[in-house]
Amino acid sequence: MRAGAMNSVGGVIRRALPAEHTNSRDSRHILMKLVTLFNVNLPEDILMNLKFLKLKGLLFCCLTAATATAQPPARVMLDDFTTITTWQNMGGTENPEENIYWSRCGSFPDASRPDGYCAKLTFDAAGREAEFGMGNNRVFLQKLDENAEGIRLQVNPCGFNTRFTADLKLSDGQLIRTAYVPASGDGWREIFIPFPKEKIAGRHPFSVYRLVVWFSGPARGEIFFDDVEVDFKKLPEDLAPLTAEPVYRKLGWRPGEQVTPEYLFRNRLSTPFSGEITVKGAGKEFTRKIELPPYGLCYQQFDFGSFDTQEPHPVAVAFGGEPLHLGWISVFEPNSGPVNKRPMWFSVEDQELNNCYEEGVLHASWLPQLGVDMIRAGLMGNAQMAKGKLRAEALRKLWTPPIEAGVKLLIDYAGYMPPWVIRPNPTSPLDCRWEEFDALMTEFAKFFGAMPEARYFEFINEPNLNHSRTMTDDYLTALSRLYPIFKKHAPHVKITTGGFCPAIPGSQPQFIERLLARPEIFDVIAYHEHGNYPHYRFTFDIVKKIAGPGHKPIINTEAATRSFMAAPREFYAQADQLVRKITYSKAVGMEYYNWFMMQDYWDKGIGADDTFSLVTVYNQPKPSFLAYAELIRQLSNRDFSGMAELDPLLEAFRFTGETDEVTVVWEKRRADGLKFVLRSDVPVLRTDIYGNTRTLKPQNGLVTVESASLPFYLKAPKGKLQAQPRLLSFRDGLAAVPGERVKTVVTLVNPLPQALRYRLKLGGRSFSGELKRGESREIPVNVTIPAEQLHGESVIPAELILSDRNGKVFEDSLPIPYVCCVEIPEKGAPEKTVVLDSPAALRELVFVPTIPRWSGKEDLSATLSFSWSGEGLHVRCRVTDQEHNGDHTGPHIWKNDSIQFGLDPMNGRNWSEYTFSLTGDGAAAWNHNPPEGFKSGKFDGACSVTRRGNLTEYSFTIPPERLGFELKDGTQFRIALLINDSDGGIRSRTMLFFDGLDGHKDTGKFGLVQLRSGRRK
């Protein structure tokens, strides 16, 4: 661990600001304002002596009286920089030789500031004067109404002559600039940038697009600013008078440590605030009264006690029942640097070149705790804007923190050719002067040749998504030229293809095929895939198929899953997908896997919206951070040794080390309460996704394992853990609807090599008898499905005792799996609807900046209903979508906004698939996979598709002759329904009611349904 890194969970990048000193800090801030206001000269020793502020009440009264007429009713903080964030470079004067290769503006620790942080702007202006623009998406997202007066901020010009202005983005999309406000001299002072009311009138809401600083230059150095606020005549109705944000002290807490999160509260009002806040999470609830002067702040710490287990806990801070902050406190055992010694390499991306330097240092301190081997480090052609003048010093400084944290680098040359390399009027981003391109790459190769930590060089990010006329030819030429250059000057660096995106709309035709047909110009195949686990497998198969036999190693240099921002369920789902995708990647022999990214960046670049990362913008680790750290511990230095068939409802991957084996297990479909039995004559370690381990002791060679909704690990010595058929099962598999009472048969298996007596408790009854060696017994039972049971896999509680002549040999609760069917009522009976409106039903297909992510129910959601009659199976689907596209016709209508419907009769007859869409010619329907006796083609059954406003309503009937089963009470079959969203004419996302239609067709993933008669009681 590098010097300065903490040896507990999380590192402290700044000095602590204890809560008990809050009043003193606030008062000193008030005093300084008073001194400035009245031009009072006080001795420095008095100003620094916080005890002097016992007179703070009198001083505050004087200040309030003196400035009452100037005080606005409310101030909304846009950024106080306590979250340790970055403002992105947004235009301005560039010095091509400056040794800065990171965002020039962002958080900086400053003990003199009331909250311990400010912003630092670093610049190197070669001209007579200079201007720098910087912006932040969280600032931009704050919508400003007609009551917004202007921007108030604190500035320390550090002796430079500066002027501050802001660009505002109005509701009509136009950018306007405010007046310039001068700031010069040394030391902190307040400035106010008024909004041009006459230009904004009638064009609300508007946003602060960027802040711009002008220098009289030439100048080199840094200035500071802080507390960027907007003055309002009155507080907007959608904003609370109080704000709460977590204070970063460290990343998390170890088991057994006192968990004491701290929050910074701010009063937005020009009047004193008094009210109660609640903090709830981890089984605890705190209520605390907060009292603050006008625009005051305070720190509050909450003692959650200690925790024995590793777990992320969602925590909510609320005022008046409305949330002020939703976040996490995490208890986990950190790693202490990389532990893996061979591929597959575990990696994470941080895009450190887009962070301010201080934020990059902070993130590097998290790398040892995560335990990754590598990072995907960013680079672009602007690192050498002048020929032969590589910003080597800046690059070395940029990557020193992660290198000192113990990781190696995959260099991602994301793009951009400097002006001295690119041709005039280029036909593609790589239409280069090739001799100059060689010179550019030679400089880079020599630089990385002297950097042993650089292990891979990835050339151009997602190159197949560029549709320039000569892009494919130019890319192949560029890669073929840089490959020998690197082999000469940096032979230890492997050259990878640019991380291309397979199976994505908008890919350059034949780009991937032509690239992979040239294996002599690269060492490694790199691709990107952010989709969910089934789609991830699907795209990997595509890459492998295109690459052909004997292909070069495959790596994934950009892969993740969104957590979204509010519901904890989606954070857990992200952790689940992380374990599945990385486990699968290691199992299929990938050499490297990169998770995108370390920290969310929706607060940075304008329009950024992604939540792919392991840490929130408030520096709180998500469940996925803990899951990745534990996965690295479990799978490092192990080799895939095959799939383990533990239970029909489980998927399990086995990895072997020198002396033991680890099996990664997850449920194929959610099956609450599932248990299964394995064979082992030694204890088995069961570890959950976060690292909590229990020892499972065998009973006469049998070990009962409790499943979980999230992946888990089983560890045992080599060859000691074996599969065991279910001891209890329903003979023909039980499937029923909620509230149904079913007569069925349970099969009981004798797993031991001796005769046994059994006692089974199930459904309120007890059954007993004898089992010979190797014998199974069928036991008739009555089972009632709970009326409130949700559809899907579930279990019927059961308890089993097995004994031989010497006594009990096995005793455990052993629930029996079954399927709760979706009920389809007879036409005319009360309708049962299914609502799809959450990320749980969503599948994003495209991850490119030009296609925004799903923004909520108005973007895509649906209500489904099913019924049946003698006329067939009836389906209604009401889809809410703000945009409709129906350009494709015939068999290609699935590329439109459309729905796909799959039906499997489960009796050996063909399954079928249909698509319905509204095209320019009206409703269209196509049968892709026909039932027996039919051909694929236009579906001529009853269907209609209509659209009114943002609502598209689909209604269709599959007639009896196409179903393949009888339309009668109790009939069971499988279905899947997929809603396609084609924003901008690109199939970008889906919502689904059961999986199995998208990508690889798999009727085993369809959902089980059952027809119910309206006459049944």
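What counts, and at which threshold
Residues numbered from 1 in each chain as written. Predicted model: local features only at pLDDT ≥ 70, side-chain atom pairs only at ≥ 80, totals over all residues. Heavy atoms only, no water. Helix = DSSP H or I, 4+ residues; strand = E, 2+ residues; numbered from the N terminus. Rg over C-alpha atoms; globule rule 2.2 N^0.38 Å. Buried < 20%, exposed > 50% of the residue type's maximum accessible area, 1.4 Å probe, protein only. Contact = heavy atoms within 4.5 Å. Areas by Shrake-Rupley, 256 points an atom, 1.4 Å probe, with all protein chains shown as cover. Lys, Arg positive; Asp, Glu negative; His and termini not counted. Charge placed at Lys NZ, Arg CZ, Asp CG, Glu CD. Polar contact = N/O pair within 3.5 Å; in protein donor to acceptor, adjacent residues only side chain to side chain. Pairing = 2+ DSSP bridges. Core = buried A, V, L, I, M, F, W, Y, C linked by side-chain atoms within 4.5 Å. UniProt positions renumbered as here; feature names shortened; annotations may be inferred. Axes fitted to C-alpha atoms, helices over the stretch in contact; angles between N-to-C directions. Domains from an automatic or database assignment. Salt bridge = Lys/Arg side-chain N within 4 Å of Asp/Glu carboxyl O. Expected span 1.5 Å × (residues − 1). Phe/Tyr/Trp six-rings, centres within 6.5 Å; stacked < 30°, edge-to-face > 60°. Disulfide = S-S within 2.5 Å.

Under the annotation held in an unreviewed UniProt entry, the protein carries the name Carbohydrate-binding domain-containing protein and is attributed to Victivallis lenta.

**Focus on the overall build of the protein**
Scanning the protein from terminus to terminus reveals 14 helices and 60 strands. Taken over C-alpha atoms, the radius of gyration comes to 32 Å for the protein, in line with the 31 Å a tight globule of 1017 residues would show. Principal axes of the C-alpha set define a box for the protein whose edges measure 95 × 70 × 65 Å. When the 1017 residues of the protein are sorted by exposure, 58% land in the buried category. Within the protein, residue pairs in contact and separated by at least 24 positions form 72% of the contacts whose partners lie at least 6 positions apart. Just so you have it, the protein exposes about 40,700 Å², and 50% of that area is on carbon and sulfur atoms. Between the averaged position of the 119 positive side-chain charges in the protein and that of its 122 negative side-chain charges there is a distance of 3 Å.

**Digging into the side chain of Thr561**
Turning to its location among the elements, Thr561 is positioned in the loop between β26 (554-559) and α12 (568-587). Residue classification places Thr561 among the buried positions, given a relative accessible area of 14%. At 3.1 Å, the side chain of Thr561 and the side chain of Lys581 are in polar contact. When residues no more than four places from it in sequence are discounted, the contact partners of Thr561 are His530, Gln574, Gln577, Lys581, Trp595, Thr611 and Phe612.

**A look at the pairing of strand β16 (residues 284-292)**
By the bridge criterion, nine bridges tie strand β15 (residues 273-281) to β16 in an arrangement that is antiparallel. Bridging across to β16, Ser274 finds its partner in Glu291. Hairpin remark: β15 followed by β16, antiparallel, with two residues in the connecting loop; positive phi at Ala282, about 55°.

**Here we look at the nonpolar core**
As a rule of thumb, soluble globular proteins bury nonpolar side chains together. Judged by nonpolar contacts, the single largest core of 160 residues is most densely connected at Met441, Phe448, Phe457 and Phe459. Of all the elements, helix α9 (residues 471-489) adds the most residues to this core, at nine residues. Once residues lying within four places of it in the same chain are set aside, the contact partners of Phe448 are Leu379, Trp399, Ile411, Ala454, Phe457, Phe486, Ala490, His492 and Val493. Among the nonpolar cores identified, the runner-up in size contains 46 residues, and Trp854, Cys877, Ile979 and Phe1006 belong to it.

**Let's talk about the UniProt feature "domain: Carbohydrate-binding" (unreviewed entry) in the protein**
Look at the UniProt record and you will see "domain: Carbohydrate-binding" (unreviewed entry) annotated at residues 855-1012. The span residues 855-1012 shows a helical share of 3% and a strand share of 49%, and its end C-alpha atoms are spaced 37 Å apart.

**Structural notes on the sheet that holds strand β19 (residues 322-331)**
If you trace the four strands from one edge of the open sheet to the other, you get β16-β15-β18-β19, paired in antiparallel fashion. Taken across any chain shown, the strands that pair with only one partner, and hence form the sheet edges, are β16 and β19. In this sheet, neighbouring strand axes are inclined to one another by 20° on average, regardless of whether the strands run parallel or antiparallel.

**Looking at the domain arrangement of the protein**
The domain architecture assigned to the protein consists of domain 1 (74-232), domain 2 (242-331), domain 3 (345-637), domain 4 (641-712), domain 5 (728-820) and domain 6 (823-1012). The gap between the C-alpha centroids of domain 1 and domain 4 is 55 Å.

**What to know about the pattern of salt bridges**
Inspection of the entire model under this criterion finds 68 salt bridges. The closest approach of N and O atoms between Arg220 and Asp124, which form a salt bridge, is 3.2 Å. On the criterion of sequence distance, the pair formed by Arg220 in strand β12 (residues 219-232) and Asp124 in strand β4 (residues 117-125) is long-range, its members being 96 residues apart. Look at Asp124 and you get buried, because its relative accessible area is 9%. The closest approach of N and O atoms between Asp600 and Lys622, which form a salt bridge, is 3.0 Å. One end of the pair, Asp600, is in the loop between β27 (592-596) and α13 (623-635); the other, Lys622, is in the loop between β27 and α13, with 22 residues separating them in the sequence. Here Asp600 matches Lys622 in class, with each residue buried. A network of salt bridges, in which partner residues are shared, links Arg562, Asp610, Glu844, Asp859, Asp981, Asp983 and Arg989.

**Let's talk about the side chain of Lys604**
Along the chain, Lys604 falls in the loop between β27 and α13. Not counting residues up to four positions away in its chain, the partners in contact with Lys604 are Thr85, Thr86, Gln88, Gly135, Asn136, Asn137, Asn355, Glu359, His363 and Gln599.

**So, the sheet that holds strand β30 (residues 660-667)**
Spatial strand order, β28-β29-β30-β35-β32-β33: six strands in an open sheet with antiparallel pairing. With one partner strand each, in any of the chains shown, β28 (639-643) and β33 (693-696) form the two edges of the open sheet. Strand-to-strand, the axes of this sheet are offset by a mean angle of 25°, without reference to chain direction. Here seven bridges tie strand β29 (residues 650-656) to β30, and the two strands are oriented antiparallel to one another. Bridge assignment links Thr656 to a residue of β30, and that residue is Glu661. Helix-sheet contacts for α13 involve β29, β30, β32 (684-688) and β35 (712-717), and the interaxial angle to β35 is about 20°.

**Considerations on α13**
Along its 13 residues, α13 runs 18 Å from first to last C-alpha, staying within 8% of the 18 Å computed at 1.5 Å per residue. A large share of α13 lies buried, amounting to twelve of its 13 residues. If you check which residues of α13 are buried, you get Pro623, Ser624, Phe625, Leu626, Ala627, Tyr628, Ala629, Glu630, Leu631, Ile632, Gln634 and Leu635. Asn637, located one to two residues past α13, shows a positive phi value of around 60°.

**Observations regarding the packing of aromatic side chains**
Inspection of every chain in the model, using the stated rule, returns 53 aromatic pairs. Arranged with centres 5.1 Å apart and planes meeting at 55°, the rings of Trp328 and Phe571 form a pair that is tilted. Placement of the pair is Trp328 in strand β19 and Phe571 in helix α12, with a sequence separation of 243 residues. Trp328 sits in the buried class, given a relative accessible area of 5%.

**Examining the state of the cysteines**
Tallied over the full model, the rule gives zero disulfides. Note on Cys820: no disulfide assigned, nearest cysteine sulfur contributed by Cys821 at a separation of 6.8 Å.

**A word on unusual backbone geometry**
The omega angle of the peptide bond from His204 to Pro205 is -5°, so this bond is cis rather than trans. Its location among the elements puts Pro205 in the loop between α5 (197-200) and β11 (207-215). One non-glycine residue, Gln351, adopts positive backbone phi at about 50°. Checked against the element boundaries, Gln351 lands in the loop between β20 (345-349) and α6 (357-370). For Asn637, which is not glycine, the phi dihedral falls at a positive 60°. For Asn637, the location among the structural elements is in the loop between α13 and β28.

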